[in-house]
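Structural features, examined
Listed below, chain by chain, are the residues.
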Amino acid sequence: MPTENSSASSALSVAVLFELALLGLSLLLGWLLDSWPLHALRLQWTALVYGALLALPPAAFFMALLRFAPGPVRQIRQRLDHTLRELLGHCSIVDLAIISLLAGVAEEFLFRGFLQNWLTSQLGWIPALTIASLIFGLLHWITPLYALFAAAMSLLLGWSMYWCNSLLAPIALHSLYDFLALIYFVRVLPRLD
């Protein structure tokens with residue numbers, strides 16, 4: 001029978017490998033299509049601060065939705081209870097922080113640093129933002145409503161990159177949002193009956 005430490009270590013290992021694979025994919029696609037994600041990464045304190053501040057309203061909104069679980073949100077809670085809580089329930093706060101940071105970096109390198117920038121060079125920034133957000137939402141499909149929420153979140157992530165002119169803004173936004181949501185869901189929110 002696995003122990004809590006081995007379950008947490010296994011979950012962390014799977015998450016790290018998955019996010020590193022996404023990071024590698026973003027770099028490979030960027031190299032192949034001449035849309036290098038690192039070109040969008042500008043180290044600016046303002047981008048970091050704005051990204052972190054932009055994470056707070058959607059995190060609070062999502063936490064409130066999960067707490068009260070109206071109508072179709074109840075289905076999201078049930079699916080998350082049976083998957084996310086089982087997978088990450090034994091992880092420490094540090095483990096959840098590592099997972100959140102890696103998800104923020106890897107997914108933003110792929111969706112904003114590569115995909116959105118490449119689509120912008122092909123179609124312009126509004127179609128690029130829209131298409132990248134739709135793909136992001138579809139790849140985060142848990143339920144139709146959750147995919148819609150993820151696509152809306154992706155619009156905010158993509159817009160933050162344009163507004164701050166740095167990939168650091170959506171990385172900070174995504175990482176902090178994931179961390180707050182994971183802490184709340186795994187450590188604070190009780191299971192649905």
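Look up: the structure comes first, before these words.
This one's a predicted model, so the numbers in the text were calculated from it and none came from an experiment.

Observations concerning the layout of surface pockets
One simple way to see leftover space: roll a probe sized like a water molecule over the atoms. The space that makes up the largest pocket amounts to roughly 980 Å³. Lining the largest pocket are 36 residues, and of these L84, E107, H140, Y146 and D178 sit closest to its centre. Those elements giving two or more residues to the lining of the largest pocket turn out to be α1 (4-32), α2 (45-68), α3 (73-82), α4 (84-88), α5 (93-123), α6 (125-139), α7 (144-164) and α8 (168-188). Split by residue class, the lining of the largest pocket holds 28 nonpolar, four polar and four charged.

Quick word on the packing of α5 against α7
Running from N to C, α5 and α7 point in directions that differ by 70°, and their axes come no closer than 11 Å. When the axes of α5 and α7 are compared, the pair comes out roughly perpendicular. Seen from above, α5 lies across α7 with right-handed handedness. For the pair formed by α5 and α7, the contact residues are E108, R112, Q116, N117 and T120 on the first element and S154, L157, G158, M161 and Y162 on the second. Looking at the contact of α5 with α7 residue by residue, the classes come out as three nonpolar, five polar and two charged.

Things to note about the nonpolar core
Across soluble globular proteins, you tend to see nonpolar side chains buried next to one another. Counting residues in hydrophobic clusters, the biggest one holds 40 residues, and the most contacted among them are L66, L88, I99 and Y177. Discounting chain neighbours no more than four positions away, the residues touching L66 are V73, I76, R77, L80, Y184, F185 and L189. By size, the runner-up hydrophobic cluster in this structure holds five residues, among which are F109, M161, L167 and I171.

Thoughts on the packing of α5 against α8
The geometry of a pair of packed helices is captured by two quantities: the angle between their axes and the separation between those axes. One can describe the packing of α5 onto α8 by two numbers: an axis separation of 8 Å at closest approach and a directional angle of 140°. Of the two possible hands of crossing, α5 and α8 adopt the one that is right-handed. Classifying every residue of the contact of α5 with α8 gives 13 nonpolar, four polar and five charged.

Re the side chain of H174
With respect to the helices and strands, the residue H174 is situated in helix α8. We classify H174 as buried; its relative accessible area is 5%. Discounting chain neighbours no more than four positions away, the residues touching H174 are A103, G104, E107, E108, F136 and L157.

Observations regarding the environment of W118
Note that W118 resides in helix α5. Judged by relative accessible area, which is 25%, W118 ranks as partly exposed. Separated by 85 residues in the primary sequence, W118 and L33 place their C-alpha atoms 7.7 Å from one another. Look past the residues within four positions of W118 in its chain and what remains in contact with it is L33 and S35.

Overview of a nonpolar patch on the surface
There is a patch of nonpolar side chains on the surface, built from V49, Y50, L53, L56, W125, I126, W159 and W163 and spanning about 800 Å² of accessible area. Contributions of two or more residues to the nonpolar patch are made by α2, α6 and α7. Looking at the nonpolar patch element by element, the count peaks at four residues for α2. With respect to the element layout, W159 can be found in helix α7. For W159, a relative accessible area of 34% corresponds to the partly exposed category.

What counts as what
Residues numbered from 1 in each chain as written. Predicted model: local features only at pLDDT ≥ 70, side-chain atom pairs only at ≥ 80, totals over all residues. Heavy atoms only, no water. 1 Å grid on protein atoms, 1.4 Å probe; cavity = no way out; pocket = protein on both sides within 12 Å on 5 of 7 lines; lining within 4 Å. Points joined across faces, edges and corners; volume = space filled by probe spheres on them. Helix = DSSP H or I, 4+ residues; strand = E, 2+ residues; numbered from the N terminus. Nonpolar A, V, L, I, M, F, W, Y, C, P; charged D, E, K, R; others polar. Axes fitted to C-alpha atoms, helices over the stretch in contact; angles between N-to-C directions. Parallel < 35°, antiparallel > 145°, perpendicular 65-115°, else oblique. Left-handed = near helix turned anticlockwise from the far one by under 90°. Contact = heavy atoms within 4.5 Å. Core = buried A, V, L, I, M, F, W, Y, C linked by side-chain atoms within 4.5 Å. Buried < 20%, exposed > 50% of the residue type's maximum accessible area, 1.4 Å probe, protein only. Patch = residues over 30% accessible without salt bridge, like charges linked within 9 Å, V, L, I, M, F, W, Y side chains within 5 Å. Areas by Shrake-Rupley, 256 points an atom, 1.4 Å probe, with all protein chains shown as cover. Salt bridge = Lys/Arg side-chain N within 4 Å of Asp/Glu carboxyl O.

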